[in-house]
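Commentary on secondary and tertiary structure
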Amino acid sequence: MSQLLVKGGGHLHGEVVIQGAKNSVLPILAATLLTKDEVEIQACPRLRDVDASIRILRSLGCKVRWEGDSLLVSTGGLSGCGISDGLMREMRSSAIFLGAILARCGQAELSYPGGCELGPRPIDLHLSGLRDLGAEINDAGGVLYCKAACLRGREVVLSLPSVGATENLMLAACGAEGVTTIANAAREPEIMDLQAFLQACGAKVSGAGSSTVTIEGGVPLHGCIYRVMPDRIVAATYLCAAAAAGGEVFLRNAREEHLSTVTAVLREAGCTIQADAAGIACACGGWLKAVRPVRTAPYPGFPTDAQAVLMAALLRSQGATVFEENIFENRYRHVDELTRMGANIRVSGRTAVVTGVDALCGAAVYCTDLRGGAALCIAGLAAEGETRAYEIGHIDRGYEDIARDLRALGADVVREEE
Ligand code: UD1
């Protein structure tokens with residue numbers, strides 16, 4: 001079992017290149033099914049969830065190979081339209097293959113995606129949207145049998161701006177006859193990245209980044225070379241690491257326009273942040289201050305994926321900060337582990353109150369989920385002594401190599417394989 005050993009107490013100084021975005025590349029990998037030509041995806045991060053997508057594509061008969069940091073996908077040999085239960089359970093994002101397979105094959109057979117450590121994550125909006133486009137979906141014994149001899153474009157209204165449902169419908173709509181509009185669409189930057197990828201393949205998609213996305217279906221798509229946007233949550237993680245440990249860091253490629261709610265909170269806490277086209281510089285010295293309530297919300301609100309890492313940064317702040325988690329039911333599982341390190345956090349329902357303490361103390365802790373695991377590393381940097389983080393497979397789902405990156409920023413973090 002691998003572990004991360006974090007020696008805390010030092011300031012950070014250094015520069016790191018921000019990896020390509022996990023939440024962009026996963027739907028883009030599903031979208032490669034929409035063309036038979038080869039697609040080259042540059043800046044593709046090497047992650048556990050990307051490996052799971054590669055295994056799904058290969059199981060469908062596609063050819064996938066790495067060339068440096070590019071992933072080359074060729075779906076010309078597609079030979080199936082079903083995904084095994086084992087592969088579906090590997091990650092939540094496997095659901096996004098549904099829209100793409102339906103658009104390509106007119107039928108699909110797959111089970112529900114993997115259970116989630118953040119609480120229930122239904123896909124009812126994905127399914128009702130696909131039904132609106134004409135798909136017939138029957139559910140028996142946990143398997144979804146989907147048929148769509150002909151998908152037809154129309155207006156689909158989402159009852160909440162789900163990221164995954166928006167992406168799934170964008171992919172299905174590319175294979176539908178006529179125009180689809182998705183109303184109350186999610187506005188996340190990753191949706192814009194998916195749109196840009198689809199446009200690079202020749203698709204007629206517009207509106208991503210606003211609440212209405214329009215797709216003109218039935219346009220034949222071709223291959224392309226596409227560079228994935230930098231990962232805004234990884235950037236937020238390293239900004240929070242610098243805030244927690246103090247020091248000066250530069251995050252190359254990070255884009256502040258994707259992160260403005262996070263940088264605003266860190267500035268309020270006392271960090272100096274400057275951004276330009278090359279990246280984001282962050283300097284933090286002395287004690288951080290508590291900030292006004294942090295409420296997670298769909299983009300452009302404060303990202304739920306940055307809640308845990310910001311909480312870790314504020315553990316030694318002066319005063320108390322209220323967090324309100326509004327997206328997922330069970331997203332405070334890192335709190336018990338942080339408490340072992342001396343943090344003062346009280347959770348009640350969707351609210352957590354973090355009262356700053358003078359010192360944290362290194363401890364043995366267990367990663368409970370992807371961002372919660374990153375939060376434990378950040379707390380370890382701010383703690384006295386050694387923190388040993390177990391169950392780091394969670395972190396590998398979304399960070400190429402968090403130990404390498406934190407070392408580039410001057411931290412003392414090593415990965416130990418047992
Ligand atoms: C995506 C991100 C994830 C991020 C989340 C919210 C990817 C691969 N993952 O996840 O990192 O934390 O957005 O920003 O991009 N919901 C339903 N029914 C549905 C779909 C969603 O009730 O059919 C609910 C979910 O339970 C959740 C909320 O809507 O409470 C938001 O989910 P959604 O935006 O769909 O998140 P994901 O696409 O799963």
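This is a predicted model, so every value here is computed, not measured. Here the residue numbering is sequential within each chain, running from 1 through the sequence in written order. Two thresholds apply to this predicted model, a pLDDT of at least 70 for residue-level local features and 80 or more for giving and counting side-chain atom pairs, whereas whole-chain, interface and lining totals are computed over all residues. Side-chain numbers come from the whole structure's heavy atoms, not from hydrogens or water.

With that settled, consider the pattern of salt bridges. Here, a salt bridge means any Lys or Arg side-chain nitrogen found within 4 Å of an Asp or Glu carboxyl oxygen. In this structure the tally under the stated criterion is 20 salt bridges. If you follow the salt bridges from partner to partner, you end up with Lys22, Asp49 and Arg397 in one network.

Once the domains are mapped, the protein chain shows domain 1 (3–19 + 230–416) and domain 2 (22–227). Placing a centre on the C-alpha atoms of domain 1 and another on those of domain 2 gives a separation of 30 Å. Contacts: residue pairs with any heavy atoms within 4.5 Å of one another. Domain 1 puts 24 residues into the contact, and the matching count from domain 2 is 18 residues. Defined here as a combined quantity, buried area equals the accessible surface (1.4 Å probe) lost by two parts on assembly, summed across both. In total, about 1800 Å² of surface goes out of reach between domain 1 and domain 2, with carbon and sulfur atoms giving 53% of it. The tally of links between domain 1 and domain 2 comes to 2 salt bridges. Arg232 is paired through a salt bridge with Glu190; the nearest N and O atoms lie 2.8 Å apart. Here a polar contact is taken to be a pair of N or O atoms separated by no more than 3.5 Å, where protein atoms must pair a possible hydrogen donor with a possible acceptor and residues adjacent in sequence count only if both atoms sit in side chains. The tally of links between domain 1 and domain 2 comes to 7 residue pairs in polar contact (both at pLDDT 80 or more). If you list the elements that add at least two residues to the side of domain 1 that touches domain 2, you get helix 12 (370–382) and helix 13 (393–396). For this classification, Asp, Glu, Lys and Arg are treated as charged, while Ala, Val, Leu, Ile, Met, Phe, Trp, Tyr, Cys and Pro are nonpolar and the rest, including Gly, are polar. Of the residues belonging to the side of domain 1 that touches domain 2, the class tally is 6 nonpolar, 7 polar and 11 charged. Domains are outlined according to an automatic or database domain assignment. A run of DSSP states H or I qualifies as a helix once it reaches four residues; a run of E qualifies as a strand once it reaches two. Both are numbered from the N-terminal end.

Turning our eyes to something else, we now look at the site of the ligand. Throughout, the term near means that a residue has one or more heavy atoms lying within 4 Å of the molecule or strand in question. Residues in close proximity to the ligand total 20 residues, the closest being Asp124, Ser162, Gly164, Asp305 and Ile327. At 3.3 Å, a side-chain N or O of Arg92 approaches an oxygen atom of the ligand. The separation between an oxygen atom of the ligand and a polar main-chain atom of Ile327 is 2.6 Å. For the area figures, the Shrake-Rupley method with a 1.4 Å probe applies, and any residue is considered shielded solely by the protein chains shown. Out of a free accessible area of 750 Å², the ligand has 85% covered by protein chains. Elements with a contribution of two residues or more to the shell around the ligand: helix 5 (124–132) and helix 6 (163–174). Counting residues per element, the shell around the ligand draws most heavily on helix 5, at 3 residues. Looking at the shell around the ligand, its residues break down into 8 nonpolar, 6 polar and 6 charged. When residues are assigned to domains, the shell around the ligand turns out to be shared by domain 1 (3–19 + 230–416) and domain 2 (22–227), each giving three or more.

Let us now look at the packing of aromatic side chains. Classification of ring pairs uses Phe, Tyr and Trp, with its six-membered ring standing for Trp, and accepts pairs whose centres are within 6.5 Å; under 30 degrees between planes counts as stacked, over 60 as edge-to-face, and the remaining range as tilted. Taken as a whole and assessed by the stated rule, the structure comprises 3 aromatic pairs. Aromatic pair Phe197 and Tyr226: ring centres 5.8 Å apart, planes at 80°, arrangement edge-to-face. You can see Phe197 sitting in helix 7 (residues 189–200) and its partner Tyr226 sitting in strand 14 (residues 225–227), a full 29 residues away along the chain. In this structure, Phe197 and Tyr226 share a single accessibility class: buried. With 5.0 Å between their ring centres and 20° between their planes, Tyr366 and Tyr390 make a pair best called stacked. Here Tyr366 is found in strand 22 (residues 364–366), whereas its partner Tyr390 is found in strand 23 (residues 386–390), with 24 residues between them in sequence. Only protein chains enter the accessibility calculation, which uses a 1.4 Å probe; a residue is then buried when its area is under 20% of its type maximum, exposed when over 50%, and partly exposed in between.

Where helices are involved, their axes are fitted lines through C-alpha atoms of the stretch in contact, as for all axes, and angles between N-to-C directions lie from 0 to 180°. Two elements in contact, helix 1 (residues 22–31) and helix 2 (residues 48–59), have axes whose closest approach is 10 Å; the angle formed by their N-to-C orientations is 0°. With respect to helix 2, the axis of helix 1 lies roughly parallel. In this structure, helix 1 contributes Lys22, Val25, Leu26 and Leu29 to the contact, and helix 2 contributes Asp49, Val50, Ser53 and Leu57. An angle below 35 degrees is treated as roughly parallel, one above 145 as roughly antiparallel, one from 65 to 115 as roughly perpendicular, and anything else as oblique.

A separate point is the sheet that holds strand 18 (residues 294–295). Overall, mixed pairing links the 4 strands, which are arranged 18-19-21-20 in an open sheet. Two strands in the sheet have a free side with no partner beyond their single neighbour: strand 18 and strand 20 (344–348). At least two DSSP bridges between two strands are needed for those strands to be called paired. In terms of strand pairing, strand 18 meets strand 19 (residues 320–324) through 2 bridges, oriented parallel. Bridged to Val294 within strand 19 is Phe323.

In this section: the side chain of Thr237. By the element assignment, Thr237 lies in helix 8 (residues 232–245). The exposure class assigned to Thr237 is buried, which follows from its relative accessible area of 1%.

Right, let's talk about the side chain of Gln307 for a bit. The residue Gln307 is located in helix 10 (residues 307–313) in this model. Here the side chain of Gln307 touches His334 through a polar contact of 3.2 Å, side chain to side chain. Apart from the residues lying within four places of it in its own chain, the contact partners of Gln307 are Thr296, Phe302, Phe323, Glu325, Arg331, Tyr332 and His334.

What follows deals with unusual backbone geometry. In this chain, Tyr299 is followed by Pro300 through a cis amide linkage whose omega measures 10°. Its location among the elements puts Pro300 in the loop between strand 18 and helix 10. Within the chain, Asn184 stands out as a residue other than glycine whose phi angle is a positive 60°. For Glu391, which is not glycine, the phi torsion reads 60° and is therefore positive. When its relative accessible area of 37% is taken as the criterion, Glu391 is described as partly exposed.

Mapping Val73 onto the fold places it in strand 5 (residues 70–74). Judged by relative accessible area, Val73 falls into the buried class, the value being 0%. Taking the C-alpha atoms as reference, Val73 lies 26 Å from Thr214; in sequence the two are 141 residues apart. The residues contacting Val73, other than those within four sequence positions of it, are Leu29, Thr32, Asp37, Glu38, Val39, Ile41, Leu57, Lys63 and Val64.

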